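Structural description and commentary
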Amino acid sequence: MESLDELLAKAEAAHGHMCAGQILGVRMSLLGLNRLGISDPRGADRKRLVVYVEIDRCATDAIGMVTGCRLGKRTLKFRDWGKMAATFVDLESGRGVRVVALENSRELAQQLYPHIESKSAQQMAAYRALTDDQLFREQDVRVSVDPSELPGFKGERFLCPVCGEGVNFGRWIEADGRRLCLSCAQPETRYWTPE
Ligand SMILES: [Zn+2]
Ligand SMILES: [Zn+2]
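Residues numbered from 1 in each chain as written. Chains lettered and ligands numbered in written order. Predicted model: local features only at pLDDT ≥ 70, side-chain atom pairs only at ≥ 80, totals over all residues. Heavy atoms only, no water.

Regarding the coordination of the zinc ion (ligand 1)
To keep things clear, this is the line we draw: Donor criterion used throughout: N, O or S atom within 2.8 Å of the metal, extended to 3.2 Å for Na, K and Ca. Water excluded; incomplete-looking sites may result. Working rule for geometry: tetrahedral if four donors all subtend angles between 85 and 135 degrees; square planar for four, octahedral for six, if opposite donors exceed 155 degrees and the others stay between 65 and 115; irregular in every other situation. Each helix corresponds to a stretch of at least 4 residues labelled H or I by DSSP, and each strand to a stretch of at least 2 residues labelled E; elements are numbered beginning at the N terminus. The rule is simple: take the accessible area with a 1.4 Å probe, protein chains only, and divide by the maximum for that residue type; under 20% is buried, over 50% is exposed, in between is partly exposed.
At the metal site, the zinc ion (ligand 1) is ligated by H15 (NE2), H17 (NE2), C19 (SG) and C58 (SG), and these contacts range over 2.1 to 2.4 Å. Geometry at the zinc ion (ligand 1) is tetrahedral, judged from its four donor atoms and the angles of 91 to 133° they form at the metal. For the zinc ion (ligand 1), all donor residues lie on one chain, and their spacing in sequence is H-x1-H-x1-C-x38-C. Within this pair, whereas C19 is found in the loop between helix 1 (4–15) and helix 2 (20–36), its partner C58 is found in helix 3 (residues 58–67), the two being separated by 39 residues in sequence. For C19, a relative accessible area of 12% puts it in the buried group.

Written as structure tokens, this is what we have:
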């Protein structure tokens, strides 16, 4: 595995700037991968890993970069829970580890580096220096990933009879004896309204 500094340089380039989230995300990933014994997530081990992220913030980009897991590869799963947490799943062993960033890390940053004025510089310094135990809580978990959620799954494609749009991966609902896409079956869940 590359060093923290090497990974941070790559994370910065991919994300567009260096920030506390990059450091947190890279360190969360290193911890998770280390626990699973995965050392080459973007190379030899790339088919072993799926990651669930629970927040869409800066750290999420770093997690995607280090692990190589991406939405477009179906290996990065987003659960919109607003928590600075991620679960790393080894598909080979079925083992998972959920890593949560601890709430008190900001206070620790302040205690450690009171002389640094900028909060973000303070956090960046601390997130490099603090131990995994100081930064994170980790938990062994089991995650059953359905085969239909994995890369390479070839499911039936279906055309919604109402909107005429194509739908993959079984994302439809049986309503009134017919299959509808989620948007037509549950219009109240639409994130858009027509103009
Ligand atoms: Zn950022
Ligand atoms: Zn439809």
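Okay, back to it.
Here's the deal with the nonpolar core
Selection rule: What we call a nonpolar core is a set of buried Ala, Val, Leu, Ile, Met, Phe, Trp, Tyr and Cys residues that are connected through their side-chain atoms within 4.5 Å. It only takes one pair of heavy atoms within 4.5 Å for two residues to be counted as in contact.
Counting residues in each nonpolar core, the largest one holds 34 residues, and the members touching the most others are L49, V51, F88 and F136. Secondary-structure elements contributing two or more residues to this core are helix 1, helix 2, strand 1 (49–53), helix 3, strand 3 (85–90), strand 4 (95–101), helix 4 (105–112) and helix 5 (119–129). If we skip the residues at most four places from it in the chain, F136 touches L24, R27, M28, L31, V99, V100, A101 and L102.

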